[in-house]
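# Report on the structure
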Amino acid sequence: MTSELDIFVGNTTLIDEEVYRLWLDGYSVSDAVALRVRAGILEQTGATAAVLQSDTMDHYRTFHMLERLLHAPPKLLHQLVFQIPPSRQALLIERYYAFDEAFVREVLGKKLSKGTKKDLDDISAKTGITLKSCRRQFDNFKRVFKVVEEMRGSLADNIQQHFLFSDRLARDYAAIVFFANNRFETAKKKLQYLSFGDFAFCAELMIQNWTLGAVDSQVDDMDMDLDKEFLQDLKELKVLVADKDLLDLHKSLVCTALRGKLGVFSEMEANFKPPAPQNLSRGLVNVAAKLTHNKDVRDLFVDLVEKVHLGPQFVEPCRSDHWPLGDVRLFLNQYSVTVHSLDGFRHQALWDRYMDTLRGCLLRLYHD
Amino acid sequence: MPGKLKVKIVAGRHLPVMDRASDLTDAFVEVKFGNTTFKTDVYLKSLNPQWNSEWFKFEVDDEDLQDEPLQITVLDHDTYSANDAIGKVYIDIDPLLYSEAATVISGWFPIYDTIHGIRGEINVVVKVDLFNDLNRFRQSSCGVKFFCTTSIPKCYRAVIIHGFVEELVVNEDPEYQWIDRIRTPRASNEARQRLISLMSGELQRKIGLKVLEMRGNAVVGYLQCFDLEGESGLVVRAIGTACTLDKLSSPAAFLPACNSPSKEMKESPLAHPPSHGCRSTHNSPIHTATGSRLTQNFSVSVPTLIYTGMGSGSAGKEGGPFKALLRQQTQSALEQRGGSPHRFCRRREFPFFTLTAFPPGFLVHVGGVVSARSVKLLDRIHNPDEPETRDAWWAEIRQEIKSHAKALGCHAVVGYSESTSICEEVCILSASGTAAVLNPRFLQDGTVEGCLEQRIEENLPAGCGFCHIPYDELNMPFPAHLTYCYNCRKQKVPDVLFTTIDLPTDATVVGKGCLIQARLCRLKKKAQAEANATAISNLLPFMEYEVHTQLMNKLKLKGMNALFGLRIQITVGENMLMGLASATAVYLAALPMPGGIQIAGKTPSDGSYEQHISHMQKKISDTIAKNKELYEINPPEISEEIIGSPIPEPKQRSRLLRSQSESSDEVTELDLSHGKKDAFVLEIDDTDAMEDVHSLLTDVPPPSGFYSCNTEIMPGINNWTSEIQMFTSVRVIRLSSLNLTNQALNKNFNDLCENLLKSLYFKLRSMIPCCLCHVNFTVSLPEDELIQVTVTAVAITFDKNQALQTTKTHIEKSLQRASTDNEELLQFPLELCSDSLPSHPFPPAKEHLESARSNSGIPAAQRATSVDYSSFADRCSSWIELIKLKAQTIRRGSIKTTVTVEKASPMGEGNFRNRSAPPCANSTVGVVKMTPLSFIPGAKITKYLGIINMFFIRETTSLREEGGVSGFLHAFIAEVFAMVRAHVAALGGNAVVSYIMKQCVFMENPNKNQAQCLINVSGDAVIFVRESELEVISTQQPTANCQQSCAGGEVTT
């Protein structure tokens, strides 16, 4: 006796969250059955393995049919074939587009191209996430990217509108799309300590301040592309380190303000000295000046974190001196505010646009 | 020109991409009604076209309005080649034809293609302007309302229940026409869909005409089926119950009938003609016709059994004395109740009712299940305009049913249904129902509600009246065990009662009910034509018999004594016959407590065998005890003196009525009567019997928190909460063709059904505590080695805590009632004999008992030991011999342990009316509920919008790509649900009640990567309002009489 056909169709489509998770994780039906058995479901319900197999198959088939609709979530809402309560619809969408931290760290900032897709088996092997699940996550990123690119308006809003994500997920996807578009390097060994959340936080700040959308909300791709003019202008900030008077004045103002308040004052003061290779100010300004070139834009995070041949950079030096986070914050605040008191410096607005974001990013990146 | 149909095409969405180059579609719409077609403009390059068309107006006869569906076709415009069809929408405009239903159909309809399934949606608005038609000879029947619901619809009152209406229309099946060889599968499918739609419309119109002729205005319990006879044609047939319904105007009326003040209800103004003309032309006996047709049109009449529960007899139509007796009895019954007999004696050809639930007081007595089957050979329908052969076939069957009912002393059949099973050229026609005595006043000028109730209660104690035997105990058509009713002790009741109806709302039930199934397969040799039909008809009686035995055994095993909603389906295949009976078992307080089951071995000498037997015996006894606990069957014990001695068998019991049908000798000897209170003896003398006993024990009870029944509601549960989940589940298994034996087949089938149920319980576990209601199994044999089982049911959650409370109060109540009843009995001992004929003065119980004893075959010595527990071993033996289950001497000892004379008391009346429950807040916009029940828990139906009757075909030539057979059928059923919901929503409704999937024919050809499926569904579109929203209104209503069981029903009080 073999079962040729075995189906269950409810007027309200039954969604088993547990099976949905297994399906999303890319397990085959037999693996999913085995996992469910291991979870003790047979003991809890008194069901037989055959019942479990049939149930799992059925759910998988349902999910398979829903998948087409999940690719365009508004369709899921308006379709008539599956009657699903709104809360369940939201759950289906949210879970379908959810991604694994380990996976997203692998592809964050990479071009969402066929080439990257070919590397998915390596990623799968490395992360232990099934290839199927990797593909789904990758395709999700790509699908969202394709839909929202060349669109006007806020990136996160567009994503939310077209994919009906929760705020949080929409913001995460905005970060993924932004990173993919600007191809920021995130895979370097030095950057491994950073979580997706760290990058997403930075992405949000950069989208807010550094993109075209920050100055003009009527442009296509306004949140995805960095404001080229702004990046060009950043060269002007070089004067802060090139002009020795300005640098000294800046330093003395910062030191006066922070004296006694900073636990690592001496280290800070030492780092501020002009000829010293580890010049904090120079590092920050140089990062800005470099952003004119696309390649350097991609290396933004590497530059921020790592020491490269160009000179002293920021995060690593501070960490090696064991600055407490509070001290870093105090210093950065003072450092950027003080610039307003430099009479000879004419690019106050530019400085703020650059430094406000960078300060936020640096504080977020500054951890172990 | 009595009607103007107006259609507006608004917009489309989610259309498929028809032009690969642009990834877009240039869509336009054709609107067709009858022979008139309109077109919209082409909306270029869009998947979401906005046509916003003008109103397309069709000026048509109302006859066409009823018959024709509105056909909307969405196409992709192509400048150079033929336009490609995207899909179609058929809209049945019938709901717009009567005033109280929908006024407009407006909404998004799925665009359906028989090859691709649903492809986008289209927004359509449809209106009808009807003009008054004074033509007396009109062919239309606009205005007659149709309901699938098999009870009086919730917001109506039945003024008159006229009776049975039926009709059938035949046609050639387009699939088998010559043109089908050259046209595409799509064209062929669409021709079929359209034809069936047309035929359904025509059928409904014709039935409507009959209703108008009877001066009714509605058809309740409308059941339309189609028979795909293959080469020989397509039959669409329908049955229903004609009624005159009055709409209840205020929401107050939604409350159960018992408390609405209806005393002032006036007599119906409609004078009722004595003849119910629907079929008055058939005055020649059908039987003669059968014989003459035999040459061209082979037909075998199958001897039938009457399931009264106690026995069967092949009840025949005997001559004068019997009829006289019947008349006398009915008359006396009527006189006793104050009705005038002549009223009842109207000539009513088939006094059948498709209803399964009735207004209080309508049902007076229930006799038992009557069924008839007949095997026919299909022949091409030569003239579609004269479907006389098929008509005659059904008339014959109905006649038989009618005579069976008469034999049971009943003048009517309720819960009536008809079905067919077709395999190649052989067709089994089946009909079944419950023989009953009805209150004649309802059939004429009676009103449904309270005014009659009081009068009836004077004669009939509530909750047990329907159990009292309608037939004469001295001239019973079959041997039976009768006792005085355990409730009122005034009239006699059988030991077991089988019915096809729902449990009457006022019935007194102990504990909860449960679903019982009897499953059976029989191998049959492949044969042709006559030989095949003969083989089938020879097998049928045995199958019926075994199904009955299984039901009885399982009923005993559950410790219960009555079956409701019994539905026996016999399916014919190439090389086997399948029987599946489903019913809901309950413990009726009015009936005696069932005895246990005892096992006897044939070779007592063998020690180990004995041990085995006793082991089995223990297992069975344990199961019974466990079941009693599980279903809370604990009728209050009542000492024997109060009950009085059981009534002995009448002397005439040897007089068996025989069937006139040409059945073999063994069959007429069938005596299905089972022991009464005695342990029920099963003898195990070969492996077959062993298997049978084993199979009894393999049925596992549902997991805790689950209950199941195939009736509308679960006896013993009355506090439904509002969560419902309707579902359809289909399974097909392939049998390994090697060495297929009956035994292996039975096991496979049994496993299939059990596993299916287990899967359902598992899937719905999140709804616990819940009950699967209206569980409807359908078996078909699509191919040689394939068995297909389709189940549709609804899971309803209930509140467990409240359930416990109610039970408690009911037991208390019942105990009180029992004691008062006892006093009454002592005061009026003479009433005991009220039911017997005057010519047979009832002898004192003891004496009668003795006389019966001497008549029975029990040795004197045994008799002496068993005086208190009258046992009738001989009766067991007469039937057991037949299937090698021979009755052995009953062991007294075991009887004493299994039988305690207990009495159940009236309790829980009104149990089932109280479905109010704390309302659930999660009602969302756009949700359409579907349920096979006639109600929505926790809600009131405020309006019936019309009948939904839809037929779909889906075909694929890329089966693998669509996920194999499971993927294909899963998607199709989901689409069918979607289309039903869309139609309901467009009518302005938010639910379908009495939903039924009447047909699900699935054919596959995996080698060709092809599959085809036909589905026919129906139901009533309604608007319901949550009880919470009605709360304000209902609190203002007098709730005095109603809902005594408000322990759980805080909503209305």
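For clarity, every value in this text was computed on a predicted model and none was experimentally measured.

### Regarding the nonpolar core
- Counting 240 residues, the largest nonpolar core has A:Ile159, A:Tyr354, B:Leu70 and B:Ile122 as its most contacted members.
- By residue number, the principal contributor to this core is helix H20 (residues 964-986) of chain B, which donates 14 residues.
- Per-domain counts for this core show at least three residues from each of domain 1 (1-133) and domain 2 (363-445 + 463-633 + 677-802) of chain B.
- If sequence neighbours within four positions are ignored, B:Ile122 has contacts with B:Ile9, B:Ala11, B:Gly12, B:Val29, B:Trp51, B:Ile72, B:Val74, B:Val89, B:Gly107, B:Trp108, B:Phe109 and B:Ile111.
- Core analysis: the second largest hydrophobic core is formed by 45 residues, B:Ile161, B:Cys467, B:Cys485 and B:Phe1024 among them.

### Brief notes about the sheet that holds strand S32 (residues 991-1005) of chain B
All names here are of chain B.
- The strand order S30-S32-S33-S31 describes an open sheet built from four strands, whose pairing is mixed. Here the strands that pair on one side only, and so sit at the sheet edges, are strand S30 (929-930) and strand S31 (939-956).
- Most of the contacts of helix H2 (residues 185-213) go to S31, to which it runs at about 145°, and overall it touches S31 and strand S33 (1010-1026).
- Seen against the sheet, H20 touches S30, S31, S32 and S33 and runs at an angle of roughly 145° to S31.

### Here we look at the side chain of B:Thr25
Residue and element names in this part refer to chain B.
- As for its position among the elements, Thr25 is in the loop between strand S1 (3-13) and strand S2 (27-33).
- A polar side-chain atom of Thr25 sits 2.6 Å from the main-chain carbonyl oxygen of Pro16.
- Within the structure, Thr25 has its side chain in polar contact with the backbone nitrogen of Met18 (distance 3.0 Å).
- Not counting residues up to four positions away in its chain, the partners in contact with Thr25 are Pro16, Val17, Met18, Tyr43, Leu44, Lys45, Ser46, Leu47, Asp76 and Ile86.

### Section: the confidence of the model for chain A
All names here are of chain A.
- Averaged over all residues, the pLDDT of chain A is 83; the fraction at 70 or higher stands at 89%.
- Mean pLDDT across the secondary structure elements of chain A bottoms out at helix H21 (residues 315-320), with 61, and peaks at helix H1 (residues 17-24), with 95.
- Note on residues 307-313: pLDDT under 50 across the span, and 14 contacts to partners over four residues away in sequence or across chains.

### A word on unusual backbone geometry
- A cis amide bond links B:Ile768 to the next residue, B:Pro769, at an omega of 0°.
- The topology assignment puts B:Pro769 in the loop between helix H14 (742-763) and strand S28 (770-780).
- With phi around 55°, A:Arg183 is a residue other than glycine that occupies positive phi space.
- Its location among the elements puts A:Arg183 in the loop between helix H12 (167-182) and helix H13 (196-210).

### Side note on empty space enclosed by the protein
All names here are of chain B.
- Applying the stated criterion to the full structure yields 13 cavities of 30 Å³ or more.
- There is about 440 Å³ of room inside the largest cavity.
- If you trace the largest cavity, you find 32 residues lining it, with Tyr90, Asp92, Ser197, Asn949 and Met950 closest to the centre.
- Those elements giving two or more residues to the lining of the largest cavity turn out to be helix H1 (62-67), strand S6 (84-91), strand S7 (105-113), H2, strand S11 (218-228), S31 and H20.
- Per-class residue counts for the lining of the largest cavity are 17 nonpolar, 10 polar and five charged.
- Considering only enclosed or pocket space, the second largest cavity measures out at about 140 Å³ in volume.

Here is what the cut-offs are and how they apply
Residues numbered from 1 in each chain as written. Chains lettered and ligands numbered in written order. Predicted model: local features only at pLDDT ≥ 70, side-chain atom pairs only at ≥ 80, totals over all residues. Heavy atoms only, no water. Core = buried A, V, L, I, M, F, W, Y, C linked by side-chain atoms within 4.5 Å. Buried < 20%, exposed > 50% of the residue type's maximum accessible area, 1.4 Å probe, protein only. Helix = DSSP H or I, 4+ residues; strand = E, 2+ residues; numbered from the N terminus. Domains from an automatic or database assignment. Contact = heavy atoms within 4.5 Å. Pairing = 2+ DSSP bridges. Axes fitted to C-alpha atoms, helices over the stretch in contact; angles between N-to-C directions. Polar contact = N/O pair within 3.5 Å; in protein donor to acceptor, adjacent residues only side chain to side chain. pLDDT = per-residue confidence, 0-100. 1 Å grid on protein atoms, 1.4 Å probe; cavity = no way out; pocket = protein on both sides within 12 Å on 5 of 7 lines; lining within 4 Å. Points joined across faces, edges and corners; volume = space filled by probe spheres on them. Nonpolar A, V, L, I, M, F, W, Y, C, P; charged D, E, K, R; others polar.

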